[in-house]
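# Overview (structure and organization)
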Amino acid sequence: MAEANTRVALVTGATGYIGGQLTAELIKDGWAVKALSRDRDKALKQDWGKKVVPAGEQARPGMVEIVEGEMQDRAALQQAMEGVDVAWYLVHSMSAGSDFKEQDRKMAQNFGEVAYDAGVGRIVYLSGLHPAGGELSDHLASRVEVGELLMASGVPTAVLQAGIVIGDGSESFALLRHVAERLPGIIGPAWMENKVSPISIRDALYYLKAAADLPAEISRTFDIGSHEEIPYKEMIRRYAEYALKIPRVTAIAPIMNEKIASHAISLVTPLGRNMALPLIESLQHDTVVKERDIEQYAGVPAGGVQSFERAVGEAIKTVDTDLWMKTFAGVSAAVVGTAVAGSLLTDPDNRWYRNLKKPAFQPPAPVFPVVWTVLYGHITCVSALVIADALEKAREGHESGAREAKSYAAALGANLVLNAGWSGLFFRSRKPWVSTAEAGLLAASSLDLVRRAYNSAPERGVALAPYGAWTSFAVFLNGTIARMNRHRTPLQKFYDQASAYAGEGAVLAQKLYEQAPDYFEKGADLARSGAESLNRGVEYARENTPLDKVLGGAGAGSLGMFAARKGLGMALKFFPPYVVAQRGFKIYRTVQRGRKLLKKYTR
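Residues numbered from 1 in each chain as written. Predicted model: local features only at pLDDT ≥ 70, side-chain atom pairs only at ≥ 80, totals over all residues. Heavy atoms only, no water.

Looking now at the overall build of the protein chain. Check the secondary structure of the protein chain and you find 21 helices and 13 strands. Counting over 603 residues, the protein chain shows a buried share of 45%. Within the protein chain, contacts between residues separated by at least 24 positions form 80% of all contacts whose residues are at least 6 apart in sequence. Carbon and sulfur atoms make up 58% of the accessible area of the protein chain, which totals about 30100 Å². (Helix = DSSP H or I, 4+ residues; strand = E, 2+ residues; numbered from the N terminus. Buried < 20%, exposed > 50% of the residue type's maximum accessible area, 1.4 Å probe, protein only. Contact = heavy atoms within 4.5 Å. Areas by Shrake-Rupley, 256 points an atom, 1.4 Å probe, with all protein chains shown as cover.)

Right, here's the structure in full:
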């Protein structure tokens, strides 16, 4: 039995975030704490795990006794309730489906009945803020019903109704933080405009502890929260400006319902869809403080109720708010490097590739860069999300977190090496069968990444699935090309090489041909100069009638005619560029005849 004058507390949900924080506070305050938990080992891993007494011993002041059992297990509840002064009910089913309401109902009824039979002095339950009237979401309605059942148990009950709890470990704060950190802009449903009164974990713990000392006749609900009423999208903006020093743009999309939003949240944040959906449903209404009656009995925390920014500042003291950006930048650099290397090694315009036989189902050439650009984007985003979530788990103390991050990073690195290496094997080494085998390894690696992403979040596996499908298709395409071209003879390979040389010769000859007119024009100028000399000789003959001078003029004219003829001949015969062009055309015609001959005998 606990020592005389020692207050005994029972905390359910002690291994959760708020329950764990409350347990630590009660230990500091000298309570003898009993914790109902399904897993003793998990309880021992808590920050207060060293305060746990050996199995079979009862709790002493400042120590914790673990009672293993389920909330539905009445015998375990009776053992846990023995000698308890105040019992904190901090559990709520977050499962999907329609049976969770019945499960919550049975747990609350059992808890209240056993507490009454055990003579427990007070029950303290943490519920959620909600509108006074109107239809509530299933999860929020269930929490309200649990509070009503506990108050009807006959045990004085304080139902504290809170909105979003701002603290490192709170699921609702994790949703807000990761959305703000990971998305440059948010397009969300209309509920993002609903108002919320958040509360810091410090203030929530203050009121949870203070409720234990309420007068025995008090059994009612109390609203707790900050003095602000903030639209959810405004909370995202203010968090980003305070914690990240960067703005965030939000917009409303009426077509997005809570189910679509829950899948998007599961894709982008560490919260699974089953956790995200209840949180989203709780935001379907304004969740603001309507009264502050608790302050009449418990006062306010030292320094007053914390503002949103102050609560955020306390919450992120142990958080690396740049983790996402650093992870995304590192993965982006690796993927971009792969894309650049692959594009440099790819050469679809070379003669060898163009002469290969290809199947009819091969997509058109413009499709490939578009598809790869999209796929590289998927690889970057999904891989960064998986690695960042694993690192978050490591920060929270999960041993598997660091191992998962390193394992995925190694698998991604191997995949990117295979990705870039395929282009070198196919286009540069020109070995279709070898590149087919390598493509098979790439496809297997890609499908392994899809598996890992799916284990992280099913939505991520779906997002990365096109990459696995495309690389699998690439194996079939590469193998088909290799099979269609497997009988190429040495003569055909010689033909491919000769064709390449012929193409280069044709280009050179075409350039020389384009320059030839300039050379002919220079020769023509020389011929015109000779003709001018001839004309001057004729004019000279007309002006001088004596026979000797006539003969002299004729001689001059003959000389001019000779100069013109020789000038044109020499220009056409010896001008070097013309000779090069002429010989280039001769080479081109020879090679073309050779190609025709090879085609004739290699069909």
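Per-residue confidence for the protein chain gives a mean pLDDT of 85; residues scoring 70 or more make up 79%. A low-confidence stretch, residues 545-564 (pLDDT under 50), is modelled with 22 contacts involving residues beyond four sequence positions or located in other chains. (pLDDT = per-residue confidence, 0-100.)

We now examine the pairing of strand E4 (residues 86-89). Of the two faces of E4, the one holding Val-86 and Trp-88 and the one holding Ala-87 and Tyr-89 are both buried throughout. Inspection of the sheet shows strand E1 (residues 8-12) paired to E4 by three bridges, in the parallel sense. Paired with Ala-9 across the two strands is Val-86, which belongs to E4. Pairing of E4 with strand E5 (residues 122-128) involves four bridges; the strand directions are parallel. From the neighbouring strand, Trp-88 faces E5, where its bridge partner is Val-124. (Pairing = 2+ DSSP bridges.)

This part covers empty space enclosed by the protein. Summed over all chains, the structure comprises two cavities of 30 Å³ or more. Quantified by volume, the second largest cavity comes out at close to 30 Å³. Lining the second largest cavity, in full, are Tyr-207, Asp-223, Ile-224, Gly-225, Arg-292, Ile-294 and Glu-295. (1 Å grid on protein atoms, 1.4 Å probe; cavity = no way out; pocket = protein on both sides within 12 Å on 5 of 7 lines; lining within 4 Å. Points joined across faces, edges and corners; volume = space filled by probe spheres on them.)

Turning to a nonpolar patch on the surface, a few remarks are in order. Nonpolar side chains collect at one region of the surface, where Val-336, Val-340 and Leu-344 lie side by side and expose about 290 Å² of accessible area between them. Assignment of secondary structure puts Val-336 in helix H13 (residues 323-345). The exposed category is assigned to Val-336, whose relative accessible area is 52%. (Patch = residues over 30% accessible without salt bridge, like charges linked within 9 Å, V, L, I, M, F, W, Y side chains within 5 Å. Salt bridge = Lys/Arg side-chain N within 4 Å of Asp/Glu carboxyl O.)

Attention now goes to the packing of helix H9 (residues 258-268) against helix H18 (residues 458-484). Two elements in contact, H9 and H18, have axes separated by 7 Å at closest approach and are oriented at 80°. With respect to each other, H9 and H18 are oriented roughly perpendicular. Each of His-263, Ser-266, Leu-267 and Val-268 in H9 lies in contact with H18, whose residues at this interface are Glu-459, Arg-460 and Ala-463. The residue inventory of the contact of H9 with H18, partitioned by class, reads three nonpolar, two polar and two charged. (Axes fitted to C-alpha atoms, helices over the stretch in contact; angles between N-to-C directions. Parallel < 35°, antiparallel > 145°, perpendicular 65-115°, else oblique. Nonpolar A, V, L, I, M, F, W, Y, C, P; charged D, E, K, R; others polar.)

Taken as a whole and assessed by the stated rule, the structure comprises 20 aromatic pairs. With a centroid separation of 6.0 Å and 75° between ring planes, the pair formed by Phe-173 and Tyr-239 is classed as edge-to-face. Of this pair, Phe-173 sits in helix H6 (residues 171-182) while Tyr-239 is found in helix H8 (residues 232-244), placing the two residues 66 residues apart along the sequence. Between Trp-422 and Phe-427, the ring centres sit 6.0 Å apart and the planes meet at 85°, which makes this aromatic pair edge-to-face. Within the aromatic cluster, the residues linked to one another by ring pairs are Trp-352, Tyr-353, Trp-422, Phe-426 and Phe-427. Stacked on the ring of Tyr-242, the Lys or Arg Lys-245 has its end atom at 5.3 Å from the ring centre. The ring of Tyr-353 is capped by Lys-358, whose NZ or CZ atom sits 4.4 Å from the centre of that ring. (Phe/Tyr/Trp six-rings, centres within 6.5 Å; stacked < 30°, edge-to-face > 60°. Lys NZ or Arg CZ within 6 Å of the ring centre and 35° of its normal.)

Attention shifts here to the layout of surface pockets. In this structure, the second largest pocket encloses a volume near 810 Å³. If you go around the second largest pocket, you meet 30 residues; those closest to its centre are Thr-346, Phe-368, Trp-372, Trp-422 and Phe-427. When residues of the lining of the second largest pocket are traced back to their parent elements, those giving at least two are H13, helix H15 (367-395), helix H16 (399-428), helix H17 (432-456) and H18.

The subject of this paragraph is the pattern of salt bridges. Across all of its chains, the model carries 29 salt bridges by this definition. Here Glu-241 and Arg-237 are joined by a salt bridge, their closest N and O atoms 2.8 Å apart. Residue Glu-241 and its partner Arg-237 are located together in helix H8, separated by four residues, close to a single helical turn. For Arg-237, a relative accessible area of 27% puts it in the partly exposed group. A network of salt bridges, in which partner residues are shared, links Asp-168, Arg-177, Glu-181, Glu-392 and Arg-395.

Our focus in this paragraph is the sheet that holds E5. Strand order in the open sheet made by the seven strands is E3-E2-E1-E4-E5-E6-E11, with parallel pairing throughout. A single partner strand is all that each edge strand has here, and the edge strands are strand E3 (64-68) and strand E11 (220-223). Within the sheet, the average angular offset between the axes of one strand and its neighbour, ignoring direction, is 20°. Sheet topology places strand E6 (residues 157-162) next to E11; four bridges connect them, and they run parallel. In the strand pairing of E11, Gln-161 is matched with Asp-223. The sheet strands contacting helix H4 (residues 100-118) are E1, E4 and E5, and the helix crosses E4 at an angle near 175°. In the packing of helix H5 (residues 138-151) onto the sheet, the strands contacted are E4, E5, E6 and E11, and the crossing angle to E5 comes to about 165°.

Counting through the fold element by element, Val-374 comes out in helix H15. Between the C-alpha atoms of Val-374 and Tyr-467, which are 93 residues apart in sequence, the distance is 9.3 Å.

This part takes up the pairing of E3. Of all five residues in E3, four are buried, a share of seventy percent or more. Pairing of strand E2 (residues 32-37) with E3 involves five bridges; the strand directions are parallel. Across the sheet, the residue bridging to Ala-35 is Ile-66, located in E3.

Turning next to the nonpolar core. Side chains of a nonpolar character, in soluble globular proteins, are inclined to be buried together. Core analysis: the largest hydrophobic core is formed by 40 residues, its most contacted members being Trp-88, Leu-160 and Leu-208. No other element matches the six residues that helix H7 (residues 201-210) contributes to this core. With 33 residues, the next largest nonpolar core counts Ile-164, Met-192, Tyr-232 and Val-319 among its residues. (Core = buried A, V, L, I, M, F, W, Y, C linked by side-chain atoms within 4.5 Å.)

Attention now moves to helix H10 (residues 273-282). Every buried residue of H10 is accounted for by Ala-276, Leu-277, Pro-278, Leu-279, Ile-280 and Glu-281. Of the surrounding secondary structure, the elements contacted by the buried residues of H10 are H5, H6 and H9.

On to H4. With 19 residues, H4 extends 27 Å from end C-alpha to end C-alpha; this agrees with the ideal 27 Å at 1.5 Å per step. Residues of H4 that are buried include every one of Phe-100, Asp-104, Met-107, Ala-108, Asn-110, Phe-111, Gly-112, Val-114 and Ala-115, and no others. Elements in contact with the buried residues of H4: E1, helix H3 (74-81), E4, E5 and H5. Phi for Gly-119, located one or two positions after H4, is positive at around 75°. (Expected span 1.5 Å × (residues − 1).)

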